[in-house]
Amino acid sequence: LTPNSTQIAAEAPYISVKMSANRSQAYQLKAIRFQNTARNILLQNENGPCPLLAAANALLLRGVIKLDPVCVRNGVASTDDVVNMLANRALTAGNRETANQTVASDSSHHAEYHLN
């Protein structure tokens, strides 16, 4: 990775990944109803499988992640937007799992102390 192709803001609550200009693409958004809820999904702009869009659309449909309001307003999301959205979710989900494991571990140690 070169300094120009990836930038990570380590101290910010969200990370920002900037891809080189030749790799960045734009994906049109489509508003749909899924299980009686309005959702936006990303549309492919080229033929062939795209695991990035598949992962993002699955999480968008479940309501686990949300598109930036600017993307929704403009009706388009860049590859950078999609990667940042997924990376932020992965990082925040990891923090929650670690916190839950710590609380569960502390609770079990507390229970053992009182039993002995």
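Residues numbered from 1 in each chain as written. Predicted model: local features only at pLDDT ≥ 70, side-chain atom pairs only at ≥ 80, totals over all residues. Heavy atoms only, no water.

J.: I'd like a description of the overall build of the protein chain, backed by residues and values.
T.: Counting secondary structure elements, the protein chain contains 3 helices and 3 strands. A burial count over the protein chain gives 24% of its 116 residues as buried. A sequence separation of at least 24 residues applies to 50% of the contacts in the protein chain between residues at least 6 apart. Summing over all exposed atoms, the protein chain offers an accessible surface of approximately 8400 Å²; the carbon and sulfur share of this is 54%. (Helix = DSSP H or I, 4+ residues; strand = E, 2+ residues; numbered from the N terminus. Buried < 20%, exposed > 50% of the residue type's maximum accessible area, 1.4 Å probe, protein only. Contact = heavy atoms within 4.5 Å. Areas by Shrake-Rupley, 256 points an atom, 1.4 Å probe, with all protein chains shown as cover.)

J.: Tell me what's going on with the environment of Leu60, and back it up with residues and numbers.
T.: The topology assignment puts Leu60 in helix 1 (residues 51-62). Linking Leu60 and Leu42, residues 18 residues apart in sequence, is a C-alpha distance of 9.0 Å. If we skip the residues at most four places from it in the chain, Leu60 touches Arg39, Asn40, Ile41, Leu42, Ile65, Lys66, Leu67 and Met85.

J.: For the nonpolar core, give the residues involved together with the corresponding values.
T.: Counting 13 residues, the largest nonpolar core has Leu42, Leu67, Ala77, Val82 and Met85 as the members making the most contacts within it. Only strand 1 (26-34), helix 1 and helix 3 (79-115) provide two or more residues apiece to this core. For Leu67, the contacting residues outside a window of four places in its chain are Leu29, Asn40, Leu42, Leu60, Val72, Ala77 and Met85. (Core = buried A, V, L, I, M, F, W, Y, C linked by side-chain atoms within 4.5 Å.)

J.: So what's going on with the sheet that holds strand 1? Residues and values would help.
T.: Overall, antiparallel pairing links the 3 strands, which are arranged 2-1-3 in an open sheet. In this open sheet, the two strands that pair with only one neighbour each are strand 2 (37-42) and strand 3 (76-78). Neighbour-to-neighbour, the strand axes of the sheet open up by a mean angle of 35 degrees, direction not taken into account. Both strand 1 and strand 2 contribute to a ladder of 6 bridges, which runs antiparallel. Within strand 2, the position partnered with Leu29 by the bridge is Leu42. The strands that helix 1 touches are strand 1 and strand 2; relative to strand 2, the one it contacts most, it runs at about 170 degrees. (Pairing = 2+ DSSP bridges. Axes fitted to C-alpha atoms, helices over the stretch in contact; angles between N-to-C directions.)

J.: Give me the lowdown on helix 1, citing residues and values where you can.
T.: A rise of 1.5 Å per residue sets the reference length of helix 1, with its 12 residues, at 16 Å; its end C-alpha atoms lie 17 Å apart and thus fit the reference within 8%. For helix 1, the set of buried residues is Leu53, Ala56, Asn57, Leu60 and Leu61. For helix 1, the arc enclosing every buried residue in end-on projection is 130 degrees, short of the 170-degree limit, so these residues lie on one face. Across helix 1 from its buried face, at more than 90 degrees, point the exposed residues Pro51 and Arg62. (Expected span 1.5 Å × (residues − 1). Arc of directions from axis to C-beta.)

J.: Requested: an account of the pairing of strand 1, with residues and values cited.
T.: Judged from the 3 bridges that link them, strand 1 and strand 3 form a sheet pairing that is antiparallel. Residue Gln28 lies in a different strand from strand 3, and its bridge partner there is Val76. From the end of strand 1 to the start of strand 2, which pair antiparallel, there are 2 residues, and Gln35 there has a positive phi angle of about 50 degrees.

J.: Quick rundown of unusual backbone geometry? Include the residues and the values.
T.: Of note, the phi angle at Gln35 is positive, near 50 degrees, even though the residue is not glycine. When you line up the elements, Gln35 lands in the loop between strand 1 and strand 2.

J.: So, the confidence of the model for the protein chain: which residues are in play, and what are the values?
T.: For the protein chain, the mean per-residue pLDDT works out to 75, and 60% of the residues sit at or above 70. Under a pLDDT of 50 for its full length, residues 1-15 has, in the predicted model, 20 contacts with residues more than four places off or in other chains. In the model, residues 19-23 has pLDDT below 50 throughout and makes 6 contacts with residues more than four positions away in sequence or in other chains. (pLDDT = per-residue confidence, 0-100.)

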